[in-house]
Amino acid sequence: MSEILVTGGAGYIGTNVVNALALRGEKVVVVDDFSNCKQKYIDKLKNLYKGQVECFSFSFGDREKLESLFKTHNFSAVIHLAGKKYVQESNEKQELYKLVNVDMTQTLLDVMKEFSVKKIVFSSTAMVYGNVMPCPISELRELSPVSYYATTKLMAEKLIADFVKTSKGQGVILRLSNPIGADDKLMLGDDNLAKAKPILPYLLDAAKNGNKVVLNGNDYNTKDGTPVRDYVHVCDVAEAFCLAVEKDVEDLEIYNIGSGNEGQSVLQILQEVEKVVGKSVDHSFGERREGDVEIFVSDNSKAKNDLGLKISRDLNDMVLSQYKFLEETQKKSTK
Ligand SMILES: NC(=O)c1ccc[n+]([C@@H]2O[C@H](COP(=O)([O-])OP(=O)(O)OC[C@H]3O[C@@H](n4cnc5c(N)ncnc54)[C@H](O)[C@@H]3O)[C@@H](O)[C@H]2O)c1
């Protein structure tokens with residue numbers, strides 16, 4: 001039976017992808033060096049899907065170990081999620097980001113070529129478009145990454161395009177918008193939030209603990225003056241990876257994976273948080289944050305039409321699942 005290799009499969013998106021693949025009956029092999037995740041989430045999946053999910057702990061840039069793995073497994077495809085993902089850190093640690101996101105991706109592609117594994121699905125970011133207007137942004141829009149993180153993702157996209165050409169393989173690049181939320185049944189989420197400081201856990205925490213919050217700017221040209229972003233539930237994103245790995249593509253295809261709606265403003269998120277937690281958030285407005293654009297929403301119609309992408313979870317599902325996940329992880333960490 002063929003297997004699917006998932007690099008970074010023990011991480012936030014990775015565990016949700018592994019779960020979605022295993023539910024479809026796939027055999028999944030994870031390579032993760034555990035540099036940005038805890039062991040317990042992938043262990044849960046290994047226990048749940050006995051014999052169907054394997055996990056190896058090493059860096060995907062370690063060519064020797066990767067070759068041994070490819071020798072002993074029969075991979076039909078690779079889903080490549082391993083990488084460094086923090087925007088601010090990427091600007092400070094450019095060498096590390098280039099090494100992991102670009103050079104190690106080249107090693108992975110070289111090993112795939114050596115073992116004639118032809119198909120790769122790559123987890124890229126909508127940040128490769130940069131701060132462009134007007135929205136929604138289709139895959140044909142020019143690329144102009146602003147952060148070093150997005151620059152390395154674009155470099156990796158180019159390596160994949162090259163791999164597809166030279167090995168007559170298949171490549172699918174998914175440019176993700178803002179995945180949030182969690183699988184609130186298996187409790188698979190992101191509990192590694194300190195570096196990213198995402199808005200949703202920040203507001204949930206404030207609602208729960210009665211903290212005051214300052215929101216960055218309410219004078220943007222949007223429906224309520226606060227910035228608008230394209231949030232998408234991580235479980236919908238995980239399904240998109242399954243669809244991408246199943247899709248027979250000609251050579252290289254690129255898809256935006258976003259909500260397909262007009263996006264959600266900071267105030268809309270805040271209102272949903274208040275509804276879910278049942279408490280109001282004491283908030284005020286401060287200065288705009290440097291570099292923030294008023295609106296970023298991608299056009300997901302290509303993914304809907306070609307891949308059959310379904311966005312079946314709404315803002316309430318995202319906020320509620322994130323809340324349940326945070327409650328669960330906080331309960332455990334205080335025990
Ligand atoms: N979460 C987002 O908002 C978002 C948005 C767009 C794109 N992406 C991309 O999707 C991918 C997964 O994101 P995530 O949010 O699950 O991040 P994550 O950090 O939770 O997962 C990445 C995983 O890769 C592992 N890893 C890092 N370096 C490694 C190495 N050298 N060898 C083996 N494993 C390594 C980490 O331990 C982690 O488990 C990343 O490539 C990221 O750039 C994420």
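What you see is a predicted model, and the numbers here were worked out from it, not measured in a lab.

A.B. asks: A description of the sheet that holds strand 3 (residues 53-56) should follow, citing residues and the corresponding values.
C.D. replies: Spatially, seven strands are ordered 3-2-1-4-5-6-11 in an open sheet, and the strand pairing comes out parallel. For this open sheet the edge positions go to strand 3 and strand 11 (252-257), each flanked by a neighbour on one side alone. This sheet shows a mean twist of 20 degrees between the axes of neighbouring strands, independent of strand direction. Relative to strand 3, strand 2 (residues 27-31) runs parallel, the two being bridged by four bridges. Within the sheet, the bridge partner assigned to V29 lies in strand 3 and is E54. On the sheet, helix 2 (residues 39-48) packs against strand 2 and strand 3 and is oriented at approximately 145 degrees with respect to strand 3.

A.B. asks: Could you give an account of the pattern of salt bridges, naming the residues involved and the relevant values?
C.D. replies: Counted according to the given criterion, the structure contains 19 salt bridges. The shortest N-O distance in the salt bridge between R24 and E239 comes to 2.7 Å. Of this pair, R24 sits in the loop between helix 1 (12-23) and strand 2 while E239 sits in helix 8 (residues 234-246); the two residues are 215 residues apart in sequence, bridging distant segments of the chain. By relative accessible area, R24 is classed as partly exposed at 35%.

A.B. asks: Can you tell me about the packing of helix 3 (residues 63-72) against helix 5 (residues 94-114), naming the residues and giving the values?
C.D. replies: Relative to each other, helix 3 and helix 5 sit at 35 degrees, their axes nearing to 10 Å. Classified by chirality, the crossing of helix 5 by helix 3 is right-handed. Note on element contacts: helix 5 touches helix 3 through T107, L108, D110, V111, M112 and E114, opposite R63, L66, E67 and F70. Split by residue class, the contact of helix 3 with helix 5 holds five nonpolar, one polar and four charged.

A.B. asks: Pulling in residues and values, what's your account of the side chain of E157?
C.D. replies: Within the fold, E157 resides in helix 6 (residues 148-167). Beyond its immediate stretch of four places on either side in the chain, E157 contacts F122, S124, V128, I173 and R175.

A.B. asks: Explain the site of the ligand to me, and be specific about the residues and the numbers.
C.D. replies: Near the ligand, the surroundings consist of 28 residues, among which I13, D32, N36, S123 and Y149 are the closest. A distance of 2.8 Å separates an oxygen atom of the ligand from a polar backbone atom of I13. When isolated, the ligand has an accessible area of 820 Å², and the protein chains bury 94% of it. Counting only elements with at least two residues in the shell around the ligand, the list comes to helix 1, helix 5, strand 5 (119-125) and helix 6. Counting residues per element, the shell around the ligand draws most heavily on strand 5, which supplies three residues. A class-by-class count of the residues in the shell around the ligand yields 14 nonpolar, ten polar and four charged.

Conventions adopted
Residues numbered from 1 in each chain as written. Predicted model: local features only at pLDDT ≥ 70, side-chain atom pairs only at ≥ 80, totals over all residues. Heavy atoms only, no water. Pairing = 2+ DSSP bridges. Helix = DSSP H or I, 4+ residues; strand = E, 2+ residues; numbered from the N terminus. Axes fitted to C-alpha atoms, helices over the stretch in contact; angles between N-to-C directions. Contact = heavy atoms within 4.5 Å. Salt bridge = Lys/Arg side-chain N within 4 Å of Asp/Glu carboxyl O. Buried < 20%, exposed > 50% of the residue type's maximum accessible area, 1.4 Å probe, protein only. Left-handed = near helix turned anticlockwise from the far one by under 90°. Nonpolar A, V, L, I, M, F, W, Y, C, P; charged D, E, K, R; others polar. Near = heavy atom within 4 Å. Polar contact = N/O pair within 3.5 Å; in protein donor to acceptor, adjacent residues only side chain to side chain. Areas by Shrake-Rupley, 256 points an atom, 1.4 Å probe, with all protein chains shown as cover.

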